[in-house]
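One-letter residues, chain by chain:
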Amino acid sequence: MLTEQTIRTYSSLEISTEDGLLYGVSPRVLECGLGLKIGAGTVYPEVNFTLPAMDIAEETWAEVMAHYAQMGDQILRRAVSLAAPGIMLEFELLPAMTERPEWGAEITALLKQRLIACHEKHGLPCALRVTPTDIRDQRKPPLLRTGEPWERLRRSLELCAEAGADILSIESVGGKEVHDQALMYGDFAGIVFALGVLAPRDMAWLWGRIQGICAAHPGVVCGGDSACGFANTAMQLAHQKMLPEVLAAVVRAMSAVRSLAAFEQGAQGPSKDCAYEGPVLKAITGCPIAMEGKSASCAHFSPLGNIAAAMCDLWSNESVQNVRLLSGNAPEAFTELLAYDCRLMNAAAASEGGALRMRNWMTASDEWLSPQAAVLSPAATIRIAAAIVGADGPYQRTLAAGRAAVEIIKNGAALEKLRLSRKEQQWLARIDEALDGFPAGELELMRAVEEQYGGLYDKASYGL
Amino acid sequence: MAQIQELYDAILHGNAKQAHAVTQAAIEAGAEPLPLISESMMPAMEAVGRLFEEEEYFVPELLLAGRAMKSAMELLRPLMTASGQKLSTRVVIGTVKGDLHDIGKNIVASMLEGSGFEVIDLGADVSPENFVAAVEERKPQVVCMSALLTVTMPAMKTTIEALKNAGLRTQVKVLIGGAPVTSQYAKEIGADGYSENASGAVSAVKNLLAVA
């Protein structure tokens, strides 16, 4: 049982058919910022940008601001030049900018000024998503609900909302202190405990407060979260051959439950770009999602380059440094990449049945080349989403999502569509067996893993 | 000696309880620590490392083997200290100031432990002053620093300068790593070594110390 009062619970799917899951279209269209309508039939670029290697300090602050001014100007220049139908800028704060909330707010104001000027001059529909860093995990074990880091994070969210953020988001870390260790040791009990018990509790608490901040700042949208610290960590470790891909795929499916908690607390989307669990969230909530894939290779590699776009509403580059390339600076170059990606998707959608055809091509090009892609197809999305809403409470939902992912991968392998190495097959069997052995209740699981993980997390931070 | 093979198998398969029990039995039977380490534990860890390199093992198998090795070493270390035998090399490790990412650093720390190093893990967001204090107090042979953010990379340079200013730089080898870090950057800031991944970090530490 969660201790937080949920605003709504989801017991059925907002999009219940595979063919209803299309890019650019969401039942709950989100109007935000300066005339941007997300999910109303058009996919927009979401450009995320960051500093090159440099110190962030009092003495370098003018240089920091100059970088953000340059990035904002150049990104918008390219969007206008390419006649982008609209754009989302994402300002992801660096830790130092959340530690000093006024710093993050100053950059937020700077970027918003540029968006307003561009909108007034060129009529470009646009919005600013602002994502403070979750700095609550500085202490071991982390104190998530009290203490200086939480107070600074809360203040950062408030000041960024006041400074002009149109959407507030975060990549929250509750449960990660256990998940990291469990993932490294391939301990499925610890992984489920982190994803299905701890993380949803923190999500509910944190997003209840973010929703409150948004409600106190009219026009600021309560956006969404990402299981980046969980499932993307697994994805990157799998990319480096440190973890089995099947484990990363199952973690991805299960992570959707903790990310759903933001919507249960009032989030309206779009979920964060690095939330590859986004399609599951879209199927359940009907809210628009941001995704990233091939055009985010500036930040990280993935086996999900095309399939990630199949159901997106915003298409992102994850993060790119402000460094010089032959064409120009990298944020402007990646704006062009995203703009062309979106232009192709939108042109396809303008023809009869074009969006479905394009979606199916993007899906088919990746689906069976990796178990991580196999759990991201429209069909897999509906299956996982249905399993989640069909179960009761985050713990059982997490297990249900895991079982659905295992079945999808097993079926793909049985049909010889998906090729799994002997080691991957062994791990899949191990996960499958583990999923059958979980206790009925989360408190029983908590007791079972207490000796191993009890020292890693602060019970009060989870209302336990 | 059957225990040599049993301990080898326990470590190879990451069975810490078994490794502990076999080591305890061996000690009670009068076995000396060094043969257990050199004939059983180190060959097992070498086999584990080889299986990892060949992509037969993933990190969990590697770390579980390391945990088994550690459980055996916990029994042997006091005996070695008492008899004046040399203990393993000590490594101080941390994610630099301003950076909260620590899973990569944790994997390196666990893999170093599994390879027989004594690891002092300072955690994440470690200031140059705390690195200096750890070197002064714990006297490691190696300092490992990790950064995931481009904007926290400069803290590696600041830490190396702090070690120099404290007169400690010549006493330790410095190894750096993390997604945005390059070998060129390591040279620029005066680090002794660099690794682009966790398994490479273990080899790099061994190379720096010329450990077989």
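Residues numbered from 1 in each chain as written. Chains lettered and ligands numbered in written order. Predicted model: local features only at pLDDT ≥ 70, side-chain atom pairs only at ≥ 80, totals over all residues. Heavy atoms only, no water.

A. Representation of the overall build of chain B within the structure. Along chain B, the regular secondary structure elements total nine helices and five strands. Scanning chain B from its N terminus toward the C terminus, one meets helices and strands in the order α-α-α-α-β-α-β-α-β-α-β-α-β-α. A compact globule built from 212 residues would reach a C-alpha radius of gyration of about 17 Å, and chain B, at 18 Å, matches this within 12%. Classification of the 212 residues of chain B by burial places 53% in the buried group. (Helix = DSSP H or I, 4+ residues; strand = E, 2+ residues; numbered from the N terminus. Rg over C-alpha atoms; globule rule 2.2 N^0.38 Å. Buried < 20%, exposed > 50% of the residue type's maximum accessible area, 1.4 Å probe, protein only.)

B. Highlighting the domain arrangement of chain B. All names here are of chain B. Segmentation of chain B into domains returns domain 1 (2-82) and domain 2 (90-209). Between the C-alpha centres of domain 1 and domain 2 the distance comes to 27 Å. Each side of the interface is counted separately: domain 1 has eleven residues, and domain 2 has nine residues. Of all residues in domain 1, the largest losses of buried area upon contact with domain 2 belong to Leu63, Lys70 and Arg77, amounting jointly to 40% of the total for that side. Counting the contacts that link domain 1 with domain 2 gives one salt bridge. The closest approach of N and O atoms between lysine 70 and glutamate 113, which form a salt bridge, is 3.3 Å. Counting across the interface, domain 1 meets domain 2 through one residue pair in polar contact (both at pLDDT 80 or more). Contributing elements (two or more residues each) for the side of domain 1 that touches domain 2: helix H3 (33-53) and helix H4 (59-82). Here the element with the most residues in the side of domain 1 that touches domain 2 is H4; it accounts for seven residues. A per-class count over the side of domain 1 that touches domain 2 returns seven nonpolar, one polar and three charged. (Domains from an automatic or database assignment. Contact = heavy atoms within 4.5 Å. Buried area = accessible area lost by both parts, 1.4 Å probe. Salt bridge = Lys/Arg side-chain N within 4 Å of Asp/Glu carboxyl O. Polar contact = N/O pair within 3.5 Å; in protein donor to acceptor, adjacent residues only side chain to side chain. Nonpolar A, V, L, I, M, F, W, Y, C, P; charged D, E, K, R; others polar.)

C. Focus on the pattern of salt bridges. Residue and element names in this part refer to chain A. Applying the stated rule across the entire model yields 36 salt bridges over all chains. With a shortest N-O distance of 3.6 Å, glutamate 277 and arginine 252 are connected by a salt bridge. A residue pair is termed long-range when its members are at least 10 positions apart, and glutamate 277 in the loop between helix H8 (245-264) and helix H9 (278-285) and arginine 252 in helix H8 qualify at 25 residues. Each member of the pair glutamate 277 and arginine 252 is classed as buried. Taking the shortest distance from any N to any O, the salt bridge between lysine 459 and glutamate 450 comes out at 3.1 Å. Residues participating in the shared-partner salt-bridge network are Glu90, Glu92, Glu171, Lys272 and Asp273.

D. Quick look at the layout of surface pockets. Volume-wise, the second largest pocket comes out at about 1000 Å³. Looking at the lining of the second largest pocket, the elements that each hand over two or more residues are helix H5 (176-184) and helix H16 (442-453) of chain A together with helix H2 (16-28), H4, helix H5 (103-114) and strand E2 (118-121) of chain B. Its residues placed into classes, the lining of the second largest pocket shows twelve nonpolar, nine polar and 13 charged. A domain-level breakdown of the lining of the second largest pocket finds at least three residues from each of domain 1 (2-82) and domain 2 (90-209) of chain B. (1 Å grid on protein atoms, 1.4 Å probe; cavity = no way out; pocket = protein on both sides within 12 Å on 5 of 7 lines; lining within 4 Å. Points joined across faces, edges and corners; volume = space filled by probe spheres on them.)

E. Broad picture of the packing of helix H1 (residues 2-12) of chain B against H3(B). All names here are of chain B. Running from N to C, H1 and H3 point in directions that differ by 30 degrees, and their axes come no closer than 9 Å. Judged by the inter-axis angle, H1 sits roughly parallel to H3. Like other packed secondary-structure pairs, H1 and H3 cross with a definite hand, here right-handed. Only Pro35, Leu36, Glu39, Ser40, Met41, Pro43, Ala44, Met45, Ala47, Val48 and Leu51 of H3 make contact with H1, whose side of the interface consists of Ile4, Leu7, Tyr8, Ile11 and Leu12. (Axes fitted to C-alpha atoms, helices over the stretch in contact; angles between N-to-C directions. Parallel < 35°, antiparallel > 145°, perpendicular 65-115°, else oblique. Left-handed = near helix turned anticlockwise from the far one by under 90°.)

F. Expanded view of the pairing of strand E1 (residues 25-32) of chain A. Residue and element names in this part refer to chain A. Pairing of E1 with strand E2 (residues 36-40), which is carried by four bridges, proceeds in the antiparallel orientation. When the sheet's bridge partners are listed, cysteine 32 is paired in E2 with leucine 36. If you look at the hairpin formed by E1 and E2, you'll find three residues sitting between the two strands, and glycine 33 has a positive phi there, around 60 degrees. (Pairing = 2+ DSSP bridges.)

G. Spatial organisation of H9(A). Residues and elements named next belong to chain A. Among the eight residues of H9, eight are classified as buried, and the element is accordingly described as predominantly covered. Among the residues of H9, those classed as buried are Gly278, Pro279, Val280, Leu281, Lys282, Ala283, Ile284 and Thr285. Buried positions along H9 lie against E1, H8, strand E8 (290-292) and helix H13 (378-389).

H. Here's a closer look at the packing of H8(A) against helix H14 (residues 393-414) of chain A. Residues and elements named next belong to chain A. At a minimum axis distance of 8 Å, the contact between H8 and H14 shows a crossing angle of 145 degrees. For the pair H8 and H14, the sense of crossing is right-handed. Taking contact as the criterion, the partners of Val246, Ala249, Val250, Ala253, Met254, Val257, Leu260 and Glu264 in H8 are, on H14, Pro394, Arg397, Thr398, Ala401, Gly402, Ala405, Val406 and Ile409. Classifying every residue of the contact of H8 with H14 gives twelve nonpolar, two polar and two charged.

I. Broad picture of the pairing of E2(B). Residue and element names in this part refer to chain B. Relative to E2, strand E1 (residues 90-95) is paired through four bridges, and the arrangement is parallel. Residue pairing in the sheet places valine 91 in a bridge with valine 119 of E2. In this fold, the crossover linking E1 to E2 by way of H5 has right-handed handedness. (Right-handed = clockwise from strand over helix to strand, strands pointing away.)

J. Fine view of the nonpolar core. Counting 199 residues, the largest nonpolar core has A:Leu51, A:Tyr68, A:Met97, A:Leu168, A:Phe188, A:Trp315 and B:Ile11 as its most contacted members. The element that contributes the greatest number of residues to this core is helix H6 (residues 188-215) of chain A, accounting for 16 residues. Counting only domains with at least three residues in this core, you end up with domain 1 (2-82) and domain 2 (90-209) of chain B. Residues B:Ala134, B:Val143, B:Tyr185 and B:Ala191 belong to the second largest nonpolar core, which totals 26 residues. (Core = buried A, V, L, I, M, F, W, Y, C linked by side-chain atoms within 4.5 Å.)

K. Spotlight on the sheet that holds strand E4 (residues 173-177) of chain B. Residue and element names in this part refer to chain B. The five strands lie next to each other as E2-E1-E3-E4-E5, forming an open sheet whose pairing is parallel. Sheet topology places E2 and strand E5 (193-195) at the edges, where each strand pairs with a single neighbour. Direction aside, the axes of adjacent strands within the sheet are offset by 25 degrees on average. Here strand E3 (residues 142-146) pairs with E4 via five bridges, running parallel. In the sheet register, serine 146 faces E4, and the bridge partner there is glycine 177.

L. View of the interface of chain B and chain A. At the interface, 23 residues of chain B touch 33 residues of chain A. Of the roughly 2400 Å² buried at the junction of chain B and chain A (both faces included), carbon and sulfur atoms supply 64%. A salt bridge links B:Asp102 to A:Lys140; the shortest N-O distance between them is 3.2 Å. If you look at where chain B meets chain A, you find seven residue pairs in polar contact (both at pLDDT 80 or more). For the side of chain B that touches chain A, the elements supplying multiple residues, two or more each, are H4 and H5 of chain B. When residues in the side of chain B that touches chain A are grouped by element, the largest group, six residues, is from H4(B).

M. Summary view of the packing of aromatic side chains. For the structure on display, the rule yields eight aromatic pairs over all chains. Measuring from centroid to centroid gives 4.5 Å for A:Trp61 and A:Trp103, while their planes differ by 15 degrees, and the two rings are stacked. With A:Trp61 in helix H1 (residues 61-81) and A:Trp103 in helix H3 (residues 101-122), this pair connects stretches of sequence that are 42 residues apart. Across this residue pair, the class does not change: A:Trp61 and A:Trp103 are buried. For the ring pair A:Trp427 and B:Phe58, a centre distance of 6.4 Å and an interplane angle of 80 degrees mean the geometry is edge-to-face. Residue A:Trp427 is located in helix H15 (residues 422-435), and its partner B:Phe58 is located in the loop between H3 and H4; the two belong to separate chains. A single burial state applies to A:Trp427 and to B:Phe58, both of which are buried. In textbook terms, an aromatic cluster arises when at least three aromatic residues are bridged by ring pairs, as seen for A:Phe49, A:Tyr68 and A:Phe91. Here the guanidinium or amino end of A:Arg430 rests over the ring plane of A:Trp427, the centre of that ring lying 4.1 Å away. Lying across the ring of A:Tyr185, B:Arg67 places its NZ or CZ 3.9 Å from the centre. (Phe/Tyr/Trp six-rings, centres within 6.5 Å; stacked < 30°, edge-to-face > 60°. Lys NZ or Arg CZ within 6 Å of the ring centre and 35° of its normal.)

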